[in-house]
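# Topology and contacts: notes
The lines below spell out each chain.
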Amino acid sequence: MNRKIIFLLSLISSSFIFAQSVEGTVTDKNNKPISETEVLITKNDIKFSAITDENGLFKIPLKEDGDYLLEIIKDGVKTNSEKITVNGNSKKDIQINEVPVPEQKIEGVTVTAKKKLFERKVDRLVFNVENSVASQGIDAIEALAKTPMVKTSDDAITIAGKSNVAVMINDRLLNLNGQELINYLKTLRSDDILKIEVITTPPAKYDAEGKSGLINIILKKNANLGWNGSLQTSGNYFWGRPTVSARSGATFNYQGEKLSLSTNLSVGDNYWYYTTYNYLKGTTNNDFWNRDTQNLNNYKYKSGNIKAEYKINDKNVAGINYNYSHSNPLEKAESTSSRFNESGLLDIMSNFRNRNSRDVHNATAFYEAKLDSTGGKLNLTANMMINNSNARNLSNTIVPSGTTTTLANPISKYRIYSGQADLEKTFGKVKTEGGLKYTKIKNDSEFNFFDLKNGQYDLNTDKTNTFFYNEENYAAYISTNFKINEKWDAKAGLRYEYTTLEGISMNDNTSAKIKYGKFFPTAYISYKPNENNAFSLNYSRRISRPYFGNLNPFKYYTSDYEYTTGNPYLLPSFSDNFEFGYVLNNNLNVTFYYNYNKNNWDRIQMVDGNYRYTVAKNFYNEDQAGINISYNYNKLKWLESTIFANGYYTKSKSYDPAILTAPAGYSANLNIDNSFFLNKEKTVTLMLGLWGSLPNRNGNTYYYTNASLYAGMKLAFMDKKLLLNLYVNDLLNTNREKGIEYYPSYNIDYQYKGITRNVHLSLTYKFGNNNVKGATKQVKFEESNRAGGN
């Protein structure tokens, strides 16, 4: 028989052939179970270990009877050490010592009370938030900003410059995206966060959708009964603008013997003003089309969330989660354009006023059953998203020959339903996972277009359309994780996804049907020679599916000469991701990476005679290689600094003759965050930081240098129950997006500049038992991110 098969079978059967074991419960001085604590048993330099579950339970199979040394290690500190005698299956309950034993050596490494700040796991990088003083007393968005490789803004979260990042709470994906996601994360306190995991190459357990990976926020375990709450308010003042952006919210958590509840409410009035220019210049002729625009957005919203968990017994938990948000954003803009082509010179003025109304309902339910004491469990989840939107968009086009006024009424109703089953089971040293998932996506959109004639709005049937979109996804996966020895860990998985979709445009009587099935393998291996060094090598294959709106072929006119359209034949893109990581002394993290992206798509700007339009197209493949370096400095009591640098090389190749790609080249990003503690209690903190990016490229776009500097203070009062943050963003007013797009017969220079220099003030008051966390579980709902381009 093949030696590899024999080796694998021996691993799986190891738990059955061991006739001896030690099992028991680890508790604190109040006899409450302690989770995530290491139990180490040693004999003749041979070590056996286990980590306690949430009930403090552990079980360690042994090869033979005899005398052993049993040690308990909690958060890097050895608390207990005693000799035990094993004869068959032994029962051993341990109560940890209140005062840790003196500093000792384990495998030549000094054990101290200081917990690691960074940890390299086999498939992710872990940032232990609770060990970062600078990360306390802030919200989850601000904590993410201090996490290696992560960058946040008022409307997006990215990993190493990549967008569309999915966020999870306790390993369960949040069914929120865009502004709703940002608003929810602002209600979470960093004091409740245990750690943040950055998963750049997600395992087979997670959907293969998205190129940018996952962020998993792990909340602290709840061991206290009672309730607590918090009130938050914040605002931004913009230089030279009479309006401010404001947000207020409240949270409430309750923890009982069986029932846990969490709820939050928030309201906001976000104001955003920005200017853009978009200059098209012919490279083979003298044609040009230049446009300057001033934009004003007012995003008003209110949202609420309630989560409930019920502990049926020690092995079964069920729960629900419901989110609701209502927003009615107002968008206004005025543009001036000059167009020159074979028809001559034409000056165009246009403006629009769009008023939207959006209602989003997310409902989720889960059931979790623990199957055994070795970590086996079954998870069943169900998800539903309902999104209804209705808009009234008024536009004017002004040219020397007259003015044209139109009214558009886009109505969108999309539904997303999914069901999933996940099974985890451990056989000796081998942990296996497997699961099935089904998702149905349905989007019905109606676009009514009216022309103003003789003071009346008449329906324009040529520009009115109804679009139906239906998609079904079937997925199955299997994954295995096993510890080769004390220094080597390995993990591998395979996921298969089969998709059928159909888009029907009623106006032009066209439809597109697409079916495809793909395998998505993942593989990981890590090597930890000692406590100060850790290495890892990862691979994953990912898919990026288009948003619904990019598939609708209907033309949405923003003026008499410009429109936006979709592409029903738009295909998903695929990426292969390789990473080699190294962590030194739990402070320095270095990751080398290479990505190959095939069949990438993006929105491009095209000219067709007297019309200018944007459309989504697949048009290029891309190679990218680089290195990420992050370092946390906390040697001084009065300073904590985090530095992140990303250097990379990008090369793209277009296979569409109508589009050129940007020249290949090198680029880099830099983030520096500093926290200066001005008193011994660390309740007065001065913050100073900056971020910047060198010129970079993506597809057919070349982006110029960008940078921003911020400074502020963080104050804590009333035993840290009242928190105040005050800082100034973009002190030098340098933050803007500027670039150039390349085409065979013309180039397009553009710039986007918002009111990024502003003063931010936030207040948070906490009351009740601050050790209570309430309901914390979330459920997976990856498809919600495809509902829009946020």
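Further up the page is the structure itself.
Figured I'd write up the structure that's included with this text. (Residues numbered from 1 in each chain as written. Predicted model: local features only at pLDDT ≥ 70, side-chain atom pairs only at ≥ 80, totals over all residues. Heavy atoms only, no water.)

Time to look at the packing of aromatic side chains. For the structure shown, the criterion picks out 31 aromatic pairs. When the centroid spacing of 5.7 Å and the interplanar angle of 35 degrees are considered together, the rings of tyrosine 299 and tyrosine 301 count as tilted. Judged by relative accessible area, which is 14%, tyrosine 299 ranks as buried. By relative accessible area, which is 7% here, tyrosine 301 ends up buried. When the centroid spacing of 6.3 Å and the interplanar angle of 20 degrees are considered together, the rings of phenylalanine 447 and phenylalanine 449 count as stacked. A relative accessible area of 11% places phenylalanine 447 in the buried class. Ring pairs connect the aromatic residues Trp488, Tyr527, Phe535, Phe580, Tyr582 and Phe592, which therefore count as one cluster. Over the ring of tyrosine 68 we find lysine 43; its NZ or CZ atom is 5.3 Å from the centre of that ring. For the cation-ring pair, arginine 339 lies above tryptophan 289, with the distance from its terminal atom to the ring centre recorded as 5.5 Å. (Phe/Tyr/Trp six-rings, centres within 6.5 Å; stacked < 30°, edge-to-face > 60°. Buried < 20%, exposed > 50% of the residue type's maximum accessible area, 1.4 Å probe, protein only. Lys NZ or Arg CZ within 6 Å of the ring centre and 35° of its normal.)

Inspection of the sheet shows strand 31 (residues 488–505) paired to strand 32 (residues 510–530) by 18 bridges, in the antiparallel sense. Bridge pairing links glutamate 497 to lysine 518 in strand 32. Counting the residues in the hairpin turn of strand 31 and strand 32 gives four residues, including asparagine 509, whose phi is positive at 55 degrees. As paired elements, strand 32 and strand 33 (residues 533–544) share seven bridges and run antiparallel to each other. Bridge assignment links alanine 523 to a residue of strand 33, and that residue is tyrosine 539. Adjacent in sequence and paired antiparallel, strand 32 and strand 33 are bridged by two residues. (Pairing = 2+ DSSP bridges. Helix = DSSP H or I, 4+ residues; strand = E, 2+ residues; numbered from the N terminus.)

Turning next to a nonpolar patch on the surface. A surface patch of nonpolar side chains, about 550 Å² in accessible area, is lined by Trp227, Phe252, Tyr254, Leu259, Tyr310 and Ile312. Elements with a minimum of two residues in the nonpolar patch: strand 20 (244–255) and strand 22 (288–313). Here tryptophan 227 lies in strand 19 (residues 226–238). Exposure remark for tryptophan 227: the relative accessible area of 42% places this residue in the partly exposed category. (Patch = residues over 30% accessible without salt bridge, like charges linked within 9 Å, V, L, I, M, F, W, Y side chains within 5 Å. Areas by Shrake-Rupley, 256 points an atom, 1.4 Å probe, with all protein chains shown as cover. Salt bridge = Lys/Arg side-chain N within 4 Å of Asp/Glu carboxyl O.)

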